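Here are the chains, one letter per residue:
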Amino acid sequence: MTNHHQYMQRAIELAYDTAIVNQHGGPFGCIIVRDEKIVAEGVNRVLVDKDPTSHGEIAAIRAACKVLDTHNLSGCTLYTSSEPCPMCYAASWWARIDAIYYAGTIQDAKDYGDFDDVPIYEAVKLPGADRALPALEFDRDKMLKVWREFRDMPDRLHY
């Protein structure tokens with residue numbers, strides 16, 4: 001029987017340690033579980049690493065992939081102290097995580113930590129040129145040649 005409370009407690013402990021004790025970043029901790037065992041942990045280290053992508057979920061996904069020797073984390077569950085930002089949600093999706101459990105919400109992160117991911121969620125719904133950070137198509141015809149060659153490779157890697 002899955003012990004969600006035990007797993008979430010560990011994610012929250014990691015959040016506390018990284019933010020309050022070590023002051024390495026925001027209060028974001030994450031674990032990845034497979035077959036009732038914690039296979040990886042990650043914490044927010046944005047400030048100490050000077051890396052805006054150094055989120056707890058990203059660190060945990062990278063560690064789990066190394067431990068399990070795969071890029072596909074099917075069969076794994078992610079427990080995180082806060083609802084994932086768009087980047088971490090997308091990484092979880094691409095890693096093929098089965099489910100995500102979170103304690104705090106995006107609104108909690110905004111209200112208590114001044115983290116505001118809502119504009120990012122809203123921006124990705126818009127056409128690229130209409131976003132606050134514009135994403136503009138350029139030289140697509142040249143890239144389509146690469147895509148076509150990749151598609152047509154009989155022995156190409158799949159993921």
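Residues numbered from 1 in each chain as written. Predicted model: local features only at pLDDT ≥ 70, side-chain atom pairs only at ≥ 80, totals over all residues. Heavy atoms only, no water.

Description of unusual backbone geometry
Of note, the phi angle at Arg-96 is positive, near 70 degrees, even though the residue is not glycine. Position of Arg-96 among the secondary structure elements: in the loop between helix 4 (86-94) and strand 4 (99-104). Located in the positive-phi region is Asp-139, a residue other than glycine, with phi close to 60 degrees. For Asp-139, the location among the structural elements is in the loop between helix 6 (118-123) and helix 7 (140-152). (Helix = DSSP H or I, 4+ residues; strand = E, 2+ residues; numbered from the N terminus.)

A short note on the packing of helix 3 (residues 56-68) against helix 4
Where helix 3 contacts helix 4, the two axes come as close as 9 Å, and the packing angle between them is 20 degrees. Our classification of the angle between helix 3 and helix 4 gives roughly parallel. As for how helix 3 packs across helix 4, the hand of that crossing is left-handed. From helix 3, Glu-57, Ile-58 and Ile-61 reach across to helix 4, where they touch Met-87, Cys-88, Ala-91 and Ser-92. Class assignment of the residues belonging to the contact of helix 3 with helix 4 gives a composition of 5 nonpolar, 1 polar and 1 charged. (Axes fitted to C-alpha atoms, helices over the stretch in contact; angles between N-to-C directions. Parallel < 35°, antiparallel > 145°, perpendicular 65-115°, else oblique. Left-handed = near helix turned anticlockwise from the far one by under 90°. Contact = heavy atoms within 4.5 Å. Nonpolar A, V, L, I, M, F, W, Y, C, P; charged D, E, K, R; others polar.)

Observations regarding helix 1 (residues 4-21)
Across its 18 residues, helix 1 extends 24 Å between first and last C-alpha, which sits within 8% of the 26 Å expected from 1.5 Å per residue. Structurally, helix 1 contributes buried residues whose contacts are with strand 1 (29-34), strand 2 (37-43), strand 3 (76-82) and strand 4. Immediately beyond the C-terminal end of helix 1, within one or two residues, lies Gln-23, with a positive phi of roughly 55 degrees. (Expected span 1.5 Å × (residues − 1).)

Section: the nonpolar core
The nonpolar side chains of a soluble globular protein tend to be buried with one another. Ranked by internal contacts, the top residues of the largest apolar core, which has 17 residues, are Ile-32, Ile-61, Ala-64, Leu-73, Leu-78 and Ile-97. Breaking this core down by element, the ones donating at least two residues are strand 1, strand 2, helix 3, strand 3 and helix 4. The element that contributes the greatest number of residues to this core is helix 3, accounting for 5 residues. For Ile-97, the contacting residues outside a window of four places in its chain are Ile-32, Leu-73, Cys-76, Thr-77, Leu-78 and Ser-92. Judged by nonpolar contacts, the second largest core, of 8 residues, contains Tyr-7, Met-8, Val-33 and Val-43. (Core = buried A, V, L, I, M, F, W, Y, C linked by side-chain atoms within 4.5 Å. Buried < 20%, exposed > 50% of the residue type's maximum accessible area, 1.4 Å probe, protein only.)

Side note on a nonpolar patch on the surface
Taken together, Met-143, Val-146, Trp-147, Phe-150 and Met-153 make up a surface patch of nonpolar side chains, about 470 Å² in accessible area. For Phe-150, the location among the structural elements is in helix 7. (Patch = residues over 30% accessible without salt bridge, like charges linked within 9 Å, V, L, I, M, F, W, Y side chains within 5 Å. Areas by Shrake-Rupley, 256 points an atom, 1.4 Å probe, with all protein chains shown as cover. Salt bridge = Lys/Arg side-chain N within 4 Å of Asp/Glu carboxyl O.)

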